[in-house]
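The lines below spell out each chain.
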Amino acid sequence: MNIGDEILTALQNLSEKEKAIVAEALGLAKKERETQAQQIANLALAAGVELFHDPQGKAYATIPINGHKETWPITSRGSGPFRSWLRRLFFEKYRRPPGNQTLQDAIGVLEAKAQFDGPEYAVNIRIAQNAGKVYIDLANENWQIVEITPGYGWRIIEAHECPVKFIRPKGMLPLPEPKSGGTMDDLRRFLNIVSDDDFKLIVAWLLAALRPQGPYPILMLEGEQGTGKTTAARVLRSLIDPNVSPVRTPPKDERDLAINATNNWVVCYDNLSGIPIWLSDALCRLSTGGGFSTRQLFTDDEEVILEACRPIILTGIDEIVTRHDLLDRCIIVNLQPIPEEHRKDEATFWQEFERARPGILGALLVIVSLGLENFDRVKLDRLPRMADFAKWIVACEASDVLWERGGFMAAYTENRTEAVESALENDVLATAIRILLEERNDWEGTAQELLEALAVYVDDNTKRTRAWPSSPRSLSSRLRRMATFLRQSGIAIEFYREAHTGRRLIRLKKKTIVTTVTTVTQNPGGFENTSFEMVTQMVTQNRDGDANGDDGDDSEKFASPSGALKILHGDDGDDGDAKNHFESKIVEGEL
């Protein structure tokens, strides 16, 4: 028997499994034909797609397109850019379109790989934060990002350099590429604002909207027809989160509001004629952060939870915010009619604004950089409502590039005082309580006794309206809602049980009002106490250092807090300044 016969005999004695292994090793095994769905999935993986999921388990893909990377959701339902990208990828390889079902199967496989095999990343819309830095998606065709570093200014980076993931819902428009040399005063001529305090509050709202975490104040623009409310809302939104539909009609229900909030960074509702209770409560949650749950479409028991905290703009003719909890979160700006001689046609107005927008955005970014640097050094003697917002704005103004220190808190306190007084004056129950305590320093009794005591101060017609509580229970509920505002006006409300009888009692008492005082801790070694002359000297010294051999490649990409000089004094600078806008604090190897 020769060697060939011996090998053949040995192969015949192998098990089927062993025969398959030998055949595969010798390349004799029949290759299983790759299905079209497998071809699509393998093409995507070979193209360098990055599959991942967010904390809620939703699948996403970061895909390479035309030299940059884009992030899109993966969903086996409906359509989307990721589905179109796969279809194009298959056609370029095989010169024929894939079948709809096979495309659906491939997307299902990739979705499963993202959910079970991919890493977990948070996804963001427009603004995000990582390692103390703020990132703003310019939403341009190159997917470029603005990176803001505390105390170092800002620079534009590519998507592959950004440590956070951004997605772009439908309707999102690009921000302009920011420029150095702009001033915040450039914004004022595009707003129908007369009061310096109102302008400070609007700038404060913009700075809050550029902060990745809330809470966020609700900007309420009020005024009669022809005061520029809608235009002001469009201008402000275009500086933060431009959209094809910048101002919208109010939502019909909480689900519409939640979907709007999850697909937009700034939520803007125009020309409101009143706010129903459900919308008032929902806006409160959206301002300070909260979840919205709804049923998944085409299912019976699957719940979708939408979590969001967003900057909000509302516009209306009259005083549309009446509930105290919503009013407590509002910055109210009243606009006056625009004189005919000051009106401009739409085309001219927006052309001028588009020319100024990059500089205004650049100025905002510099202030955000300084605010990030100063935030941990800010101490408020007394914390107002929306304390995190107030602390952030005080940090921004502490660098002395906006206005005098304390200017924001003075304006904010006055705005809140006016809002509280207006709310109490327009509330018949609050008015009756104030009249009651004009005759005495305190009052104590049950809700029923209080309702009877207050009834003598209103007429019968008022008692029959919804403005007047119809029962002791509704009175207690109303008192709890207005307790904060009454306390700020000098009336304290206390609910308690009587020790020996267990009766539920209410105590009203006049109290002394203590004005909120704000200070910022001083750090002699900190940048916030450095004079502009010293800052200029520091910049010059470091630029000399760079000339003597320091590596400044990264630092030259930054637009720096040295632009603060321009913001304060209105110096537009020259072309050389715009190209060489780095700050003294950038050191080699730090970025």
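Below you will find a few notes about this structure. No experiment lies behind these values; they were computed from the predicted model shown.

Moving on, we come to the pairing of strand 7 (residues 145–149). Judged by how many residues are buried, strand 7 sits mostly within the fold: five of five residues are covered. Burial of the side chains of strand 7 extends over both faces: Ile145, Glu147 and Thr149 are buried on one face and Val146 and Ile148 on the other. Inspection of the sheet shows strand 6 (residues 133–137) paired to strand 7 by four bridges, in the antiparallel sense. Looking across to strand 7, one finds that Tyr135 is bridged to Glu147.

Moving on, we come to the packing of aromatic side chains. Taken as a whole and judged by the stated rule, the model has 14 aromatic pairs. An angle of 75 degrees between the planes, with centres 5.7 Å apart, marks the rings of Trp72 and Trp143 as edge-to-face. Highlighted residues: Trp72 in strand 3 (residues 68–73) and Trp143 in the loop between strand 6 and strand 7, separated in sequence by 71 residues. Ring geometry for Phe389 against Phe408: centres 5.5 Å apart, planes inclined by 90 degrees, an arrangement best described as edge-to-face. One end of the pair, Phe389, is in helix 13 (residues 387–397); the other, Phe408, is in helix 14 (residues 407–425), with 19 residues separating them in the sequence. Take Phe389 and Phe408: they sit in the same class, and that class is buried. A network of ring pairs unites the aromatic residues Phe190, Phe349, Trp350 and Phe353 as a single cluster. Directly above the ring of Phe375 sits Lys391, whose terminal nitrogen or CZ lies 4.6 Å from the centroid. The ring of Phe495 has Arg480 sitting right over it, with the charged end atom 4.0 Å from the ring centre.

Packed helix pairs are characterised by how far apart their axes lie and by the angle those axes make with each other. Taken N-terminus to C-terminus, the directions of helix 7 (residues 196–209) and helix 14 make an angle of 105 degrees; their axes are 9 Å apart at the nearest point. When the axes of helix 7 and helix 14 are compared, the pair comes out roughly perpendicular. Between helix 7 and helix 14, the contacting residues are Asp197, Lys200, Leu201 and Ala204 on the first element and Gly407, Phe408, Ala411, Tyr412 and Asn415 on the second. Across the contact of helix 7 with helix 14, the residue classes break down as five nonpolar, two polar and two charged.

Moving on: the sheet that holds strand 18 (residues 504–510). The strands making up a sheet associate through backbone hydrogen bonding, with each pair oriented either parallel or antiparallel. The antiparallel open sheet is built from three strands, whose spatial order is 16-18-17. The open sheet has two edge strands, strand 16 (442–445) and strand 17 (491–497), and neither has a second partner. Each neighbouring strand pair of the sheet contributes to a mean axis angle of 10 degrees, computed without reference to strand direction. Bridge count for strand 16 against strand 18 is four bridges, and the pairing is antiparallel. Looking at strand 18, one finds that Trp443 is bridged to Leu508.

Conventions we followed
- Residues numbered from 1 in each chain as written.
- Predicted model: local features only at pLDDT ≥ 70, side-chain atom pairs only at ≥ 80, totals over all residues.
- Heavy atoms only, no water.
- Buried < 20%, exposed > 50% of the residue type's maximum accessible area, 1.4 Å probe, protein only.
- Helix = DSSP H or I, 4+ residues; strand = E, 2+ residues; numbered from the N terminus.
- Pairing = 2+ DSSP bridges.
- Phe/Tyr/Trp six-rings, centres within 6.5 Å; stacked < 30°, edge-to-face > 60°.
- Lys NZ or Arg CZ within 6 Å of the ring centre and 35° of its normal.
- Axes fitted to C-alpha atoms, helices over the stretch in contact; angles between N-to-C directions.
- Parallel < 35°, antiparallel > 145°, perpendicular 65-115°, else oblique.
- Contact = heavy atoms within 4.5 Å.
- Nonpolar A, V, L, I, M, F, W, Y, C, P; charged D, E, K, R; others polar.

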